[in-house]
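# Results of the structural survey
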Amino acid sequence: MLLEVSHLTTVFDLPGGPVPAVDEVSFVVEPGETLCLVGESGSGKSVTALSILRLVQPPGRIAGGRVRFKGRDLLTLAEPDMRALRGAEISLIFQEPMTALNPVFTVGDQIGEALLVHGRATRHEARARAIELLTAVRIPDPAARVDDYPHQLSGGQRQRVLIAIALACKPSLVIADEPTTALDVTIQAEILDLLREMKNALGLSLLLITHDFGVVAETADRVAVMYAGRIVETGPVRAIFASPQHPYTRGLLASMPGLSRTRLKAIEGTVPMLGSLPPGCAFNPRCPDRFAPCTTAPPPEYTASGATTAPSGHTARCYLLDHAAR
Amino acid sequence: MPLVEVSHLVKHFVRGGGFLRKGTLVRAVDDVSFAIDEGETFGLVGESGSGKTTTGRCMLRLIEPTSGSVRFKGEDVLTFPRQRLRQARRDMQIVFQDPYSSLNPRMRARTIVEEPLVIHKLGDARARRDRVAELFGLVGLDPAHLERYPHQFSGGQRQRIGLARALALNPSFLVLDEPVSALDVSVQAQVVNLLMDLQQQLKLTYLFVAHDLRLVEHICNRVAVMYLGKIVEMAPVGSLFASPQHPYTRALLSAIPVPDPDAPRNRIVLDPASINREANLREISSGHFAAV
């Protein structure tokens with residue numbers, strides 16, 4: 001496996017006490033695969049991404065767990081080694097193409113910077129490489145665009161530039177945090193196509209963070225669904241869509257608008273505040289299938305068939321899968 | 001007779017420019033015409049910058065259009081003097097996209113919902129109090145939370161407050177400007193259901209401005225697709241999704257991510273050269289218009 005996150009816990013030390021934004025999160029990314037991390041705002045998916053790269057800012061801190069990447073434990077790595085790894089072996093594409101680029105440097109400078117910082121090119125070569133990368137992400141007229149400033153580009157083009165920067169050092173893992181959320185649907189489709197193409201061409205792995213099950217269906221090999229800082233369900237993409245096991249996953253899929261003008265099957269209630277999670281399963285107050293054990297303790301991981309955990313199969317944290325409890 | 005009839009609506013903005021320097025003219029809304037029937041939900045879709053939000057705001061004169069007419073119940077809103085416009089606004093209201101920035105953070109929920117009644121001098125304090133409580137119930141908010149401030153509500157609840165405010169004056173027409181796009185997925189469906197229930201209950205007519213085409217397909221009766229300030233296609237929702245005629249509509253519909261891993265992906269990439277910018281809308285089949 002390329003990346004193995006186990007029992008990762010990231011807390012924010014707030015005046016009212018520590019709040020776990022990421023709570024005992026475990027998952028694996030295999031070489032060449034796309035794992036989609038799905039969840040709503042506040043589910044902890046972005047903090048998970050930042051934790052992997054150790055970019056969580058105070059009052060946030062990583063409180064426990066392990067992040068193994070190519071056999072190395074990233075959480076104990078010395079900061080200079082970590083810095084050498086960020087952007088070179090694992091790179092991050094942010095959500096906001098409007099703010100992730102520096103407005104006072106040209107596009108070429110910013111792509112070149114990634115190469116220079118990691119010693120992958122001399123100043124002279126950097127410009128030529130930047131033009132190559134702009135060509136690869138299909139920016140028209142790259143030799144001219146390389147001297148443009150971000151404000152001269154459209155939102156879609158800026159996102160392409162961010163992808164070019166992320167790919168500059170040929171990383172083996174790209175983490176993309178809602179890379180298309182700020183974009184129009186036609187541009188979103190082009191960017192998703194580009195990411196998929198680049199992934200296949202370079203053989204890299206993709207950890208894609210999204211809230212949109214349409215995007216998941218188009219890109220994922222496997223899916224992890226997050227709710228209130230915890231992963232509630234993991235599985236191959238077809239299994240997740242064909243037989244979602246957790247009532248939250250089922251609710252999300254059912255609440256999507258379809259063809260008929262009937263009422264949508266909404267999930268009742270709202271996403272809980274992380275500081276005041278209900279006891280037991282965090283979803284239990286909104287769950288249509290709640291029963292006695294749900295309010296006792298956070299459920300362990302069950303396989304879709306109901307036995308105990310299997311390493312790469314379809315699992316969910318829900319007592320409904322515990323035949324003894326039912 | 002349609003409830004709202006927009007004809008040849010034009011809004012030009014001047015971008016840039018300044019002292020001794022001329023700006024460039026942006027045709028945000030460029031000769032747009034459509035009509036909405038009573039009780040109908042009319043969708044306006046298009047990418048950002050296509051002019052859909054500007055069109056909605058021009059209809060309420062939140063932005064003054066450059067030219068054209070907006071007939072509401074037969075009268076041209078654009079010719080109304082100030083006082084008459086204020087009166088007309090009772091009947092046509094808007095719900096904004098962002099429930100975080102469209103509510104005054106220093107006002108209690110009660111005051112926010114009551115404000116339109118105060119402005120229009122409707123009822124005494126007691127009658128207004130009763131009306132606000134009624135509106136809270138109508139949009140599914142707990143009347144126990146009347147004294148709370150916006151930050152004490154979740155996004156979905158805030159959008160309900162915005163809706164209660166818009167409904168306070170008993171309007172017949174609502175402009176819904178991306179009303180759920182800022183909400184969490186699990187909460188979107190609740191608000192969509194509420195909008196559809198209220199429409200039934202209060203006989204409302206909606207202009208639904210949106211970029212989420214799955215939602216538009218679900219909620220709208222008819223849809224107009226805007227591209228660079230113009231309507232390029234307009235049709236009943238079933239007809240538009242089943243047989244899109246304009247190259248832009250085709251590209252747009254093919255770009256919707258389908259929540260099915262096994263769905264065929266036939267992405268149509270828009271070739272701008274395939275668009276005839278001079279073409280006028282013409283009727284392709286019954287009620288289905290396209291500028292091809």
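Since the model is a prediction, treat every value here as computed from it, not as a measurement.

## Here we look at the overall build of chain A
In terms of helices and strands, chain A carries 10 helices and 12 strands. Projected onto its principal axes, the C-alpha coordinates of chain A cover approximately 65 × 50 × 40 Å. Residue burial in chain A is summarised as follows: out of 326 residues, 47% are buried. The contacts in chain A between residues at least 6 apart in sequence include a share of 62% that link residues at least 24 apart.

## Brief notes about the overall build of chain B
Across its full length, chain B carries 9 helices and 12 strands. For a compact globule of 292 residues, the expected C-alpha radius of gyration is about 19 Å, and chain B comes in at 20 Å, within 12% of that figure. With the principal axes as the frame, chain B shows a C-alpha extent of 60 × 55 × 45 Å. Intrachain contacts of chain B at a sequence separation of at least 6 include 64% that bridge at least 24 residues.

## Here we look at the sheet that holds strand β3 (residues 41-45) of chain B
Residues and elements named next belong to chain B. With mixed pairing, the 8 strands of this open sheet are ordered in space as β6-β7-β8-β3-β9-β10-β12-β11. The sheet is open, and its two borders are formed by β6 (92-95) and β11 (282-285), each paired with just one other strand. Within the sheet, the average angular offset between the axes of one strand and its neighbour, ignoring direction, is 20°. Pairing of β3 with strand β8 (residues 205-210), which is carried by 5 bridges, proceeds in the parallel orientation. Along β8, the bridge assignment pairs Gly43 with Phe208. Strands in contact with helix α9 (residues 247-254) are β9 (222-227) and β10 (230-236); relative to β9, the strand with the most contacts, it is inclined by about 105°.

## A few points about the confidence of the model for chain B
The share of residues in chain B with pLDDT of 70 or more is 100%, and the mean pLDDT across the chain is 92. Our summary of model confidence lists the complex with pTM equal to 0.88 and ipTM equal to 0.83.

## Some remarks on the environment of Val29 of chain B
All names here are of chain B. Relative to the elements of secondary structure, Val29 occurs in strand β2 (residues 24-36). We classify Val29 as buried; it has 29 C-beta atoms within 10 Å. Along the chain, Val29 and Thr54 lie 25 residues apart, while their C-alpha atoms are 7.1 Å from each other. Setting aside anything within four residues of it in sequence, one finds Val29 in contact with Leu9, Val10, Lys11, Gly51, Thr54, Thr55, Cys58 and Gly229.

## Remarks on the sheet that holds strand β5 (residues 75-76) of chain B
All names here are of chain B. Strand order in the open sheet made by the 4 strands is β2-β1-β4-β5, with antiparallel pairing throughout. Among the strands making up the open sheet, the edge pair consists of β2 and β5. Helix-sheet contacts for helix α1 (residues 52-59) involve β1 (4-15), β2 and β4 (67-72), and the interaxial angle to β1 is about 115°.

## Description of the interface of chain B and chain A
In this complex, chain B contributes 31 residues to the contact, which on the side of chain A involves 33 residues. Of all the secondary-structure elements, those providing two or more residues to the side of chain B that touches chain A are α6 (185-202), α7 (213-219) and α9 of chain B.

## Topic: the pairing of strand β9 (residues 222-227) of chain A
Residues and elements named next belong to chain A. The element β9 is extensively covered by neighbouring structure, given that 6 of its 6 residues are classed as buried. Side-chain alternation along β9 places Arg222, Ala224 and Met226 on one buried face and Val223, Val225 and Tyr227 on a second face that is also buried. Relative to β9, strand β3 (residues 34-38) runs parallel, the two sharing 4 bridges. If you follow Cys36 over to β9, its bridge partner there is Val223. Relative to strand β10 (residues 230-236), β9 is paired through 6 bridges, and the arrangement is antiparallel. By the bridge assignment for β10, Val223 is matched with Gly235. Taken together, β9 and the strand that follows it, β10, pair antiparallel across an intervening segment of 2 residues, in which Ala228 is found at a positive phi of about 50°.

## Examining helix α3 (residues 107-117) of chain A
Residues and elements named next belong to chain A. Of all the residues in α3, the buried ones are Val107, Gly108, Gln110, Ile111, Gly112, Ala114 and Leu115. Tucked into the core, α3 has its buried residues touching α4 (123-136), α5 (142-145) and α6 (155-167). With its phi angle positive at about 65°, Gly119 sits one or two positions after the end of α3.

## As for the nonpolar core
Counting residues in each nonpolar core, the largest one holds 171 residues, and the members touching the most others are Ala164 of chain A together with Ala164, Phe208 and Val225 of chain B. Residues contacting Phe208 of chain B, with those up to four places away along its chain left out, are Thr41, Phe42, Gly43, Leu176, Val216, Ile219 and Cys220 of chain B.

## So, the environment of Glu147 of chain B
All names here are of chain B. Structurally, the position occupied by Glu147 is in the loop between α4 (125-138) and α5 (155-167). For Glu147, a count of 10 C-beta atoms within 10 Å puts it in the exposed group. Between the C-alpha atoms of Glu147 and Val95, which are 52 residues apart in sequence, the distance is 21 Å. Excluding its chain neighbours within four sequence positions, the residues that come into contact with Glu147 are Arg108 and Arg110.

## Observations regarding unusual backbone geometry
Residue and element names in this part refer to chain A. The step from Pro58 to Pro59 runs through a cis peptide bond, and the omega angle for that step is 10°. Within the element layout of this structure, Pro59 appears in the loop between α1 (45-52) and β4 (60-69). With a phi angle near 50°, His7 is a residue other than glycine that sits in the positive phi range. With respect to the secondary-structure elements, His7 resides in strand β1 (residues 3-14).

## What about α5 of chain B?
Here α5 of chain B is 13 residues long and its end C-alpha atoms lie 18 Å apart, about the 18 Å a rise of 1.5 Å per residue gives. The buried count for α5 of chain B comes to 13 of 13 residues, which makes it a mostly enclosed element.

## Observations concerning the environment of Leu207 of chain B
Within the secondary structure, Leu207 of chain B is located in strand β8. Leave out the neighbours within four places in its chain, and Leu207 of chain B touches Ile36, Phe42, Leu44, Gly56, Val175 and Leu176 of chain B.

## Brief notes about the packing of helix α3 (residues 109-119) of chain B against α5 of chain B
Residues and elements named next belong to chain B. At a minimum axis distance of 7 Å, the contact between α3 and α5 shows a crossing angle of 25°. Between α3 and α5, the interaxial angle falls into the category roughly parallel. Pair α3 / α5 crosses with right-handed handedness. Across the interface between the two elements, Ala109, Ile112, Val113 and Pro116 from α3 touch Ile161, Ala164 and Arg165 from α5. Partitioned by chemical class, the residues of the contact of α3 with α5 number 6 nonpolar, no polar and 1 charged.

Thresholds applied
- Residues numbered from 1 in each chain as written.
- Chains lettered and ligands numbered in written order.
- Predicted model: local features only at pLDDT ≥ 70, side-chain atom pairs only at ≥ 80, totals over all residues.
- Helix = DSSP H or I, 4+ residues; strand = E, 2+ residues; numbered from the N terminus.
- Buried ≥ 20, exposed ≤ 12 C-beta atoms within 10 Å, placed from the backbone.
- Contact = placed C-beta atoms within 7 Å.
- Rg over C-alpha atoms; globule rule 2.2 N^0.38 Å.
- Pairing = 2+ DSSP bridges.
- Axes fitted to C-alpha atoms, helices over the stretch in contact; angles between N-to-C directions.
- pLDDT = per-residue confidence, 0-100.
- Core = buried A, V, L, I, M, F, W, Y, C linked by C-beta atoms within 7 Å.
- Expected span 1.5 Å × (residues − 1).
- Parallel < 35°, antiparallel > 145°, perpendicular 65-115°, else oblique.
- Left-handed = near helix turned anticlockwise from the far one by under 90°.
- Nonpolar A, V, L, I, M, F, W, Y, C, P; charged D, E, K, R; others polar.

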